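# A look at the structure
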Amino acid sequence: MDKNDGPAAPLRREHWASRIGFIMAAAGSAVGLGNVWRFPYVAGENGGGVFLVVYLALVFTLGLSIMVAEFTIGRAAQRNPVGACRTLGGRRWAPLGYLGLVAGFLILSFYVVVAGWTLTYAFKLATGGLGASAGEPAETFAAFVADPLQTIPAAAVFMVLTVAIVLGGVKGGIERANLVLMPLLFVILVGLAVRAVTLPGAGAGLSFYLAPDFSALSIDTLTRALGQAFFSLSIGLGAMITYGSYLDRGQNIPRAAGWVAGLDTLAAILAGFAILPAVFAAGLNPEAGPGLAFVVLPTVFASMPLGEFFGTLFFILLAIAALTSSISLLEPLVAYFIDEHGLHRGKVTVLVAFAAFALSVPSALSLGPWSGFTVFGKSLLDLLDAVTAGILLPAGGLLIAIFVGWVIGPKAIFELGLAKPEASAAAKVWLWILRLPAPVAIAWILITWAAA
Ligand code: TRP
């Protein structure tokens, strides 16, 4: 028998150094471009307030349950997503792990492109390249993303940063970076939200964001909210399985997941406050699409004292938030090759990152010289984003729910190791959500959407 088959002996595995270190790493994975870049523009395109309501409902029901499920799988198996599914469910569940690895690879490839934009914007703000003389923010952005000589090197720099941290391993790299950087990001997001909300003309944006218009609710809103919930919480592909696999017993998983989902939601809501009121104050359209943050925020910075300084700081922190997320996209693949094929962290990290970057190049070009090639009217970058968040992550989440709900079953509650009786009542509700409502709801949303 091949040594990679079958239920191998326990692996020697690095573990998080502290409880808070794990929570910060998982929250660092969740909080990223999904909150600041993706959430405001998707909310803007889907009715604002009504999107927010649906989104919150999905995060704290399905989202939280699936996050707990992923942590549980990871800690129980102490393995990467493929190895974990195989160890706990037998060979036929390994494809669930592979599905996740593929999704992670695809997301990583376009994620570094967008992260490269934030790096470049930090640089441009610092050097005055986005000042009044630069012209209309919307045109500046359009010209910038169309220029591969700027976007491709920026994506490459970002991928190198990701590799550097993943090479450092779990404790020294991932955990240490997150502990410092996360709190800093929150402070600046609050400052930005306060400024945006007090801009003259912000009121219309506030009511768009906070007063839900339920007549705008459609199946499309639901699917977009579901995809956003998965993307933002980093669930559905096994990133949280991988982070859970570096846990030892003793951590309270539901409580940790509550913190992660809470911090992630807070960051998204704050980003909404920082961006949507400012869209209206500047007389822009909330349906501007993926460029929204990059078009609106320079206007906000221009209207504040020391705007260039705060703007630079903001985009640097956003790049860092993206970095603490991109490492969690690369790590599951790295863990897979280490655990299952006995390869060295160093070699694998570089090779996988290089392969993902090869796909970043056409993604970046798809907004510039290759913008003539579209599939279903979408550029490659938009297509990768739509397929991963809209289909692969929900499908992964659905299978994870079934896996924990039906295959692992009550043993999963045992793995949670909860002492108090109230806690085990909550755990029963959790298992029930995974068995029925979660798979049914996700399948229903996906099928209705596909049929429409
Ligand atoms: N959650 C991150 C964000 O909001 C992106 C991300 C990191 C992710 N790891 C993931 C998305 C795993 C899905 C699965 O920016």
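Up top you'll find the structure we're talking about.
Reference entry: report on the structure contained in this document. Just so it is clear, the structure is predicted and the values come from calculations on it, not from any experiment.

Our next topic: the packing of aromatic side chains. Scanning the entire structure with this criterion turns up 26 aromatic pairs. Their ring planes at 40° and their centres at 4.8 Å tell us that Trp93 and Phe403 sit as a pair that is tilted. In this pair, Trp93 is assigned in the loop between helix 4 (81-89) and helix 5 (94-126) and Phe403 in helix 16 (residues 380-408), connecting sequence segments 310 residues apart. By the burial criterion, Trp93 is buried, and Phe403 matches it. Measuring from centroid to centroid gives 5.5 Å for Phe141 and Phe294, while their planes differ by 20°, and the two rings are stacked. Remark: Phe294 occurs in helix 13 (residues 292-302) and Phe141 occurs in helix 6 (residues 137-145); sequence separation between them is 153 residues. Its relative accessible area of 9% is what places Phe141 among the buried residues. The rings of Trp117, Tyr121, Phe141, Phe144, Phe294, Phe301, Phe314 and Phe315 are connected pair by pair, giving a single aromatic cluster. The positively charged end of Arg435 is found above the aromatic ring belonging to Trp406, 4.7 Å away from the centroid.

What follows is about the side chain of Asp385. By secondary structure assignment, the location of Asp385 is in helix 16. The exposure class assigned to Asp385 is buried, which follows from its relative accessible area of 6%. The contacts of Asp385, once residues within four sequence positions are left out, are Trp37, Arg38, Tyr41, Phe110 and Gly390.

Looking now at the packing of helix 7 (residues 148-167) against helix 14 (residues 307-341). Close contact between helix 7 and helix 14 brings their axes to 9 Å; oriented N to C, the two are set at 60°. Like other packed secondary-structure pairs, helix 7 and helix 14 cross with a definite hand, here right-handed. Listed contacts from helix 14 to Phe158, Leu161, Thr162, Val163, Ile165 and Val166 of helix 7 are Ala319, Ala322, Leu323, Ser326, Ile327, Leu330, Glu331 and Val334. Along the lines of polarity and charge, the residues of the contact of helix 7 with helix 14 split into eleven nonpolar, two polar and one charged.

This part takes up the environment of Ala17. In this structure, Ala17 sits in the segment before helix 1 (19-30). With relative accessibility at 58%, the residue Ala17 sits in the exposed group. Residues Ala17 and Ala239 lie 222 residues apart in sequence; the distance between their C-alpha atoms is 19 Å.

Let us now look at the layout of surface pockets. One number sums up the size of the largest pocket: a volume of about 480 Å³. Taken together, 20 residues make up the lining of the largest pocket; nearest its centre are Arg224, Lys378, Asp382, Ala386 and Trp449. Mapped by element, the contributors of at least two residues to the lining of the largest pocket are helix 2 (33-45), helix 10 (219-233) and helix 16. If one sorts the elements of the lining of the largest pocket by residue count, helix 16 sits on top with eight residues. Residues belonging to the lining of the largest pocket are distributed by class as follows: nine nonpolar, four polar and seven charged.

Take the site of the ligand next. Surveying the vicinity of the ligand reveals 16 residues, the closest of which are Gly34, Tyr111, Phe231, Ser234 and Ser328. Here Ser29 contributes a backbone N or O atom positioned 3.2 Å from a nitrogen atom of the ligand. In the model, a nitrogen atom of the ligand is placed 2.9 Å from a nitrogen or oxygen of the Ser328 side chain. Protein chains bury 100% of the 360 Å² of accessible surface belonging to the ligand in isolation. Under a 2 Å grid-point criterion requiring more than half of the atoms, the pocket assigned to the ligand is the largest cavity. Breaking the shell around the ligand down by element, the ones donating at least two residues are helix 1, helix 2, helix 10 and helix 14. Classifying every residue of the shell around the ligand gives eight nonpolar, eight polar and no charged.

So, on to a nonpolar patch on the surface. Taken together, the side chains of Trp406, Val407, Val429, Trp432, Leu436 and Val440 make up a nonpolar region of the molecular surface, amounting to roughly 600 Å² of accessible area. The topology assignment puts Val429 in helix 18 (residues 421-435). On the basis of relative accessibility, which here comes to 46%, the residue Val429 falls in the partly exposed class.

Compared with an ideal rise of 1.5 Å per residue, which puts 15 residues at 21 Å, helix 18 spans 21 Å between its outermost C-alpha atoms and is within 8% of the ideal. Within helix 18 the residues assigned to the buried category are Ala427, Trp430, Leu431, Ile433 and Leu434. Viewed end-on, helix 18 has its buried residues packed into an arc of 155°, placing them on one side of the element. Among the exposed residues of helix 18, those oriented more than 90 degrees off its buried face are Pro421, Glu422, Lys428 and Trp432. Where the residues of helix 18 are buried, they touch helix 3 (49-77), helix 16, helix 17 (410-416) and helix 19 (437-451).

Conventions and cut-offs
Residues numbered from 1 in each chain as written. Predicted model: local features only at pLDDT ≥ 70, side-chain atom pairs only at ≥ 80, totals over all residues. Heavy atoms only, no water. Phe/Tyr/Trp six-rings, centres within 6.5 Å; stacked < 30°, edge-to-face > 60°. Helix = DSSP H or I, 4+ residues; strand = E, 2+ residues; numbered from the N terminus. Buried < 20%, exposed > 50% of the residue type's maximum accessible area, 1.4 Å probe, protein only. Lys NZ or Arg CZ within 6 Å of the ring centre and 35° of its normal. Contact = heavy atoms within 4.5 Å. Axes fitted to C-alpha atoms, helices over the stretch in contact; angles between N-to-C directions. Left-handed = near helix turned anticlockwise from the far one by under 90°. Nonpolar A, V, L, I, M, F, W, Y, C, P; charged D, E, K, R; others polar. 1 Å grid on protein atoms, 1.4 Å probe; cavity = no way out; pocket = protein on both sides within 12 Å on 5 of 7 lines; lining within 4 Å. Points joined across faces, edges and corners; volume = space filled by probe spheres on them. Near = heavy atom within 4 Å. Polar contact = N/O pair within 3.5 Å; in protein donor to acceptor, adjacent residues only side chain to side chain. Areas by Shrake-Rupley, 256 points an atom, 1.4 Å probe, with all protein chains shown as cover. Sits in = over half its atoms within 2 Å of the grid points. Patch = residues over 30% accessible without salt bridge, like charges linked within 9 Å, V, L, I, M, F, W, Y side chains within 5 Å. Salt bridge = Lys/Arg side-chain N within 4 Å of Asp/Glu carboxyl O. Expected span 1.5 Å × (residues − 1). Arc of directions from axis to C-beta.

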